[in-house]
Protein chains: 2
Amino acid sequence: MNHGSSDRVADDLRTWIAAAAPGARLPSTRELTVRHAVSPVTVQRALRALSAEGLVETRPGVGAFVRAPRTVRAHDYSWQTAALGAAGPARSAASAALRTPSAELISLHSGYPDRELLPERAVRAALARAARGDAALVRTPSAGLLELRTWFAAELAEQTPARYTAPSARDVIVLPGSQLGLGAAFRSIAGPGGSLLVESPTYWGAILAAAQVGVSLVPVPTGPAGPDLVALDRAFTETGARGFYAQPTYANPTGAQWSQAHGEAVLDLVRAHGAFLVEDDWAHDFGITTHAAPLAARDDGGHVVYLRSLTKSVSPAIRVAALVARGPVHERLLADLEAQSMYVSGALQAAALDVVTQPAWQSHLRGLARRLRARRDLLVDAVTAHLPGATIEAVPPGGLNLWVRLPDGTDLARLIRDAEARGVVVASGDDWFPAEPTGRYLRLNFAGPDPGAFGRAAELLAEAMGEQG
Amino acid sequence: MNHGSSDRVADDLRTWIAAAAPGARLPSTRELTVRHAVSPVTVQRALRALSAEGLVETRPGVGAFVRAPRTVRAHDYSWQTAALGAAGPARSAASAALRTPSAELISLHSGYPDRELLPERAVRAALARAARGDAALVRTPSAGLLELRTWFAAELAEQTPARYTAPSARDVIVLPGSQLGLGAAFRSIAGPGGSLLVESPTYWGAILAAAQVGVSLVPVPTGPAGPDLVALDRAFTETGARGFYAQPTYANPTGAQWSQAHGEAVLDLVRAHGAFLVEDDWAHDFGITTHAAPLAARDDGGHVVYLRSLTKSVSPAIRVAALVARGPVHERLLADLEAQSMYVSGALQAAALDVVTQPAWQSHLRGLARRLRARRDLLVDAVTAHLPGATIEAVPPGGLNLWVRLPDGTDLARLIRDAEARGVVVASGDDWFPAEPTGRYLRLNFAGPDPGAFGRAAELLAEAMGEQG
């Protein structure tokens, strides 16, 4: 027998296999005998050798096939460490509020309302209608569908006093979620290396967006009445910043709503410093005992860059938000957003518009306010009854969250670990501070699943607190 | 009569109106008489004065209402110029390929396939099913739906030779469109102030994304066979860049597909320089005479960051794409994308997965290849017959575009203007060059509406060329 021949056939097949996909069928014995001018026995010997090496699987009467690799090698990606260099600033703080813990845990950490608070029927009907319409198949303009832009503008125009010119559709840019709008606003107004004033505490997503864009945040202390005006004025003067990011309505995390007078005072300061107010109206649809009254409706000088999202109130699957801005900054924002995302799915835009223009939307919002109120009060009662060391500085007039202060000595990281071990997930207030936190806080979401468990959650938190003596 | 009283009432109402919304109803005459202790005649006189000033509209028997402002003031936004400073780099080059011109013009400029080339029935059915499922109401994980990630991984795994470990679902991140992935990849790999090698010409969206991220592009000449290997090696050495962005399959704009040997040679260079290849497989589903064979299927060392979009082949409304990357760069990309956009609409992810896993998808792709071939050949014939000065360096084996070289002396801007005046819209090749263009090119899309007009379009282009003597 000629072992040299079968080695030659096997070598040739090894090369062939190296380039083939797993499961590919090898050339037939007949083809191989012809190609290499050898006997079928020689071919069989070569195939047995490859089979012993684990490269080939032979199915009698069918043929020989390339095996999928049985073992997964441990890869060495360490070369990437040199290629990537030191980590950029955008480490994911997102994980806390975005995580989906086990259904057995009581969840008070989420940033989203529970499914039972969504207009489920309207959302399903709107998506089904969008599936039948043109929006399912055409590309929309980069600024968004005209009808949806008109709706966003009209929402502000309804609240615009007669002495101001109301915004119009051409001032509106539709976004695939407000997070992209934060980055665009911070890059357009402050720019990489620039400074931006923010409330402290403020929304962690804004802190994350600023880090990614390379903007330095300057914290301005804020409370239930809104930001400290003296500190705001001083921060503008000292830093030369040309922008202030804030949530005047049901701020995340504190739930604070600025009075109209306080809002006007902030706007006056912003105007006096030739600056922008980035007004993040994230909780517009979540009023409980009051309504949202955006400052953007009281400015026609181009000082307010306004951000409103429908994602939280319509459905997490309808990722649609809008920026409203006037003057040159509008062009800059549009160019920035085109470079980032080009345009927003027309199907989602059509579905969002459909939901918010149904008569059922207004009655949904009224029912939502009642349900949020019941949940908020339930959680306030539970915290008051079971967590004696905790302080609620203000019961929020809207929004989804309760901001609870704990005694100064609390080891927050340990408390959160211990609470989760007992079955309740809460969010550390530290994530909402752009600099060192000024106290120990928890943000408790009262819009999550199972409000019936709020009492139990507070008891478990109290037990975890008790561990710290 | 007491004019002082009516002035007092009018003054009070002016203050009230300034804070009121247009259309708001004024207090009734009865209320005003009581509040100001005046007669109804005095109240009427005040209302007439306000009406004459255009502040109030009186509807007899109904009441008086705040008028909407009749004139829109010309606003002065010049303060923004100082606040915003010099323009950043992200000026919108997007406008050319994204614009929607009048339907009467022949459009050869678009970057998107015509609606008749989309799987319309499958898209509508998929969106309708998504409307009924959980995906319409729940938030999805930030990396994407597991089933869709598994599909994207399996697409690569099918083409992975046995000697490599295939990618898995955990290597995949779902994106709301590939444009966001370009920015994330450039920021993660090169970072602001860093350098990135690119083919020249290359996709304008990549040039735009790099400018926004603050990454400097280093052009490497490319042709129908792919990038010049000597120039690529030299560019890596001279710049120390750790990344190369390329479209190995049906490159936009040239339509070039690298041979397997050329792809392996590029990968070897990338590995030798400890660098990343950002492989933009934008036209995966647009093979005409060949199939896409991604390089990402032939690398398990983490050197390829792979980008694939379904937006163009499924529907512009289904904005879904994916990044596939292994090693630490995967974590960095995920953190970057969370900071940018948080997560992708579950309804769109479910609909995309639905379309591409239907048996009809494979037959759609086969029919699409036939239709693209007929359109491509029609346009090649039209250009050859009517534009004698034009050169087609290579007939593309896939993609949506024909890259046509014009004589060197051509005034391209004027040609495009003159062509549009005659009724045909084309894209200037200049937009695809990261530096000065090396020739006068047009990119002609053969996947747009009305292929029957290709001959006429070429004639009109020839007329416009003729203007230049």
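What you are looking at is a predicted structure, and each value in this text was computed from that prediction instead of being measured.

**Points about the sheet that holds strand E16 (residues 440-445) of chain A**
All names here are of chain A. With respect to topology, four strands assemble into an open sheet ordered E12-E13-E16-E15, the strand pairing being antiparallel. Each of the sheet's edge strands pairs with one partner strand only, and the pair in question is strand E12 (391-392) and strand E15 (427-428). One ladder, built from two bridges, connects E12 with strand E13 (residues 401-406); its direction is antiparallel. Following the sheet pairing, Ile392 is matched in E13 by Val404. With respect to the sheet, helix H15 (residues 359-386) is in contact with E12, E13 and E16, its orientation differing from that of E13 by roughly 15°.

**Overview of the packing of aromatic side chains**
Under the criterion given, the structure shown has 20 aromatic pairs over all chains. Here Trp151(A) and Phe152(A) contribute two aromatic rings whose centre-to-centre distance is 5.1 Å and whose plane-to-plane angle is 70°, an arrangement assigned as edge-to-face. Exposure class is identical for Trp151(A) and Phe152(A). Each is buried. An aromatic cluster is defined as three or more aromatic residues linked by ring pairs; in this entry it consists of Trp403(A), Trp432(A), Phe433(A) and Tyr441(A). Stacked on the ring of Tyr343(B), the Lys or Arg Arg319(A) has its end atom at 4.3 Å from the ring centre.

**Quick look at the pattern of salt bridges**
With the rule as written, the count across this model stands at 38 salt bridges over all chains. Two residues, Arg271(A) and Asp268(A), come together in a salt bridge whose shortest N-O distance is 3.3 Å. Of this pair, Arg271(A) and Asp268(A) both sit in helix H11 (residues 260-272), three residues apart, which is roughly one turn of the helix. On the basis of relative accessible area, Arg271(A) is assigned to the partly exposed category, the value being 28%. The network of salt bridges with shared partners includes Arg115(A), Glu120(A), Arg124(A) and Asp134(B).

**Structural notes on the domain arrangement of chain A**
By the assigned domains, chain A splits into domain 1 (3-66), domain 2 (96-112 + 362-466) and domain 3 (120-358). Domain 1 of chain A and domain 3 of chain A are separated by 65 Å when their C-alpha centres are compared.

**Thoughts on the side chain of Asp171(B)**
Residues and elements named next belong to chain B. Tracing the sequence through the fold places Asp171 in the loop between helix H7 (146-157) and strand E4 (172-175). Of the side chains with opposite charge, Arg326 lies nearest to the buried Asp171, which makes no salt bridge, at 4.1 Å. Separated by 2.9 Å, the side chain of Asp171 and the backbone nitrogen of Ser168 make a polar contact. Once you skip the residues sitting within four places of it in the chain, Asp171 turns out to touch Leu323, Val324, Ala325, Arg326 and His330.

**Remarks on the interface of chain B and chain A**
On the side of chain A, 96 residues touch chain B, which itself brings 96 residues to the contact. Summing both sides of the interface, chain B and chain A together bury roughly 8000 Å²; the carbon and sulfur share of this comes to 55%. Three residues stand out in chain B for area buried against chain A, namely Leu137(B), Arg139(B) and Met342(B), and they jointly supply 10% of the buried area on that side. Between the two partners, chain B and chain A, sit two salt bridges. The set of elements that each furnish at least two residues to the side of chain B that touches chain A consists of helix H1 (3-18), helix H4 (79-84), helix H5 (95-98), helix H6 (120-132), helix H8 (178-189), helix H9 (204-213), helix H13 (328-341) and helix H14 (346-357) of chain B. If you tally residues by element for the side of chain B that touches chain A, the top one is H13(B), at nine residues. Residue composition of the side of chain B that touches chain A, by class: 51 nonpolar, 24 polar and 21 charged.

**Details of the environment of Leu108(A)**
Residue and element names in this part refer to chain A. Examined against the element boundaries, Leu108 turns out to sit in the loop between strand E3 (106-107) and helix H6 (120-132). C-alpha separation for the pair Leu108 and Gly409, spaced 301 residues apart in sequence, amounts to 22 Å. With sequence-adjacent residues up to four places away left out, Leu108 is seen in contact with Val424, Val425, Val426, Arg443, Leu444, Asn445, Phe454 and Ala457.

**Side note on the side chain of Thr249(A)**
Here Thr249(A) lies in the loop between strand E8 (243-246) and H11. Residue contacts for Thr249(A): discarding those within four places in its chain leaves Ala256(A), Gln257(A), Asp281(A), Trp282(A), Ala283(A), Ala292(A) and Ala293(A).

**Observations regarding the pairing of E13(A)**
Residues and elements named next belong to chain A. Among the six residues in E13, five count as buried, and that is most of the element. For E13 and E16, the ladder comprises six bridges, and the chain directions are antiparallel. Opposite Leu402, over in E16, you have Leu444 as the bridge partner.

**Some details on helix H2 (residues 29-36) of chain A**
All names here are of chain A. Where H2 is concerned, the buried positions are Leu32, Thr33 and His36. Angular distribution of buried residues about the axis of H2 spans 100°; they occupy a single face of the element. When the buried face of H2 is taken as reference, the exposed residues oriented beyond 90 degrees from it are Arg30 and Val34. Of the residues one or two after H2, Ala37 is the one with positive phi, at around 55°.

**Some thoughts on the relation of the copies chain B and chain A**
Relative to chain A, chain B is turned by 180° and slid 0.1 Å along the rotation axis, the superposed coordinates differing by an RMSD of 0.1 Å. Read as a symmetry element, the transformation amounts to a two-fold axis. When each C-alpha of chain B is compared by its distance to the rotation axis, Ala128(B) comes out closest, at 2.4 Å. Looking at the interface residues of chain B, 100% of them are also at the interface in chain A, so both copies use one shared face.

**A few points about H6(A)**
Residues that lie three or four places apart on an α-helix share one face, since the helix turns once every 3.6 residues. Counted at 1.5 Å a residue, the expected span for H6(A) with its 13 residues is 18 Å, and the 19 Å between its end C-alpha atoms agrees. Every buried residue of H6(A) is listed here: Ala122(A), Val123(A), Arg124(A), Ala126(A), Leu127(A), Ala128(A), Ala130(A) and Ala131(A). Elements in contact with the buried residues of H6(A): helix H12 (311-314) and helix H14 (346-356) of chain A together with H6 and H14 of chain B.

**Some thoughts on the sheet that holds strand E7 (residues 226-227) of chain A**
All names here are of chain A. The eight strands lie next to each other as E4-E11-E10-E9-E8-E5-E6-E7, forming an open sheet whose pairing is mixed. Here the strands that pair on one side only, and so sit at the sheet edges, are strand E4 (172-175) and E7. Where strand E10 (residues 304-309) and strand E11 (residues 321-324) come together, four bridges link them in antiparallel fashion. Note that in E11 the partner of Leu307 across the bridge is Leu323.

Calculation criteria
Residues numbered from 1 in each chain as written. Chains lettered and ligands numbered in written order. Predicted model: local features only at pLDDT ≥ 70, side-chain atom pairs only at ≥ 80, totals over all residues. Heavy atoms only, no water. Pairing = 2+ DSSP bridges. Helix = DSSP H or I, 4+ residues; strand = E, 2+ residues; numbered from the N terminus. Contact = heavy atoms within 4.5 Å. Axes fitted to C-alpha atoms, helices over the stretch in contact; angles between N-to-C directions. Phe/Tyr/Trp six-rings, centres within 6.5 Å; stacked < 30°, edge-to-face > 60°. Buried < 20%, exposed > 50% of the residue type's maximum accessible area, 1.4 Å probe, protein only. Lys NZ or Arg CZ within 6 Å of the ring centre and 35° of its normal. Salt bridge = Lys/Arg side-chain N within 4 Å of Asp/Glu carboxyl O. Domains from an automatic or database assignment. Lys, Arg positive; Asp, Glu negative; His and termini not counted. Polar contact = N/O pair within 3.5 Å; in protein donor to acceptor, adjacent residues only side chain to side chain. Buried area = accessible area lost by both parts, 1.4 Å probe. Nonpolar A, V, L, I, M, F, W, Y, C, P; charged D, E, K, R; others polar. Arc of directions from axis to C-beta. Least-squares fit on C-alpha atoms with pLDDT ≥ 70 in both. Expected span 1.5 Å × (residues − 1).

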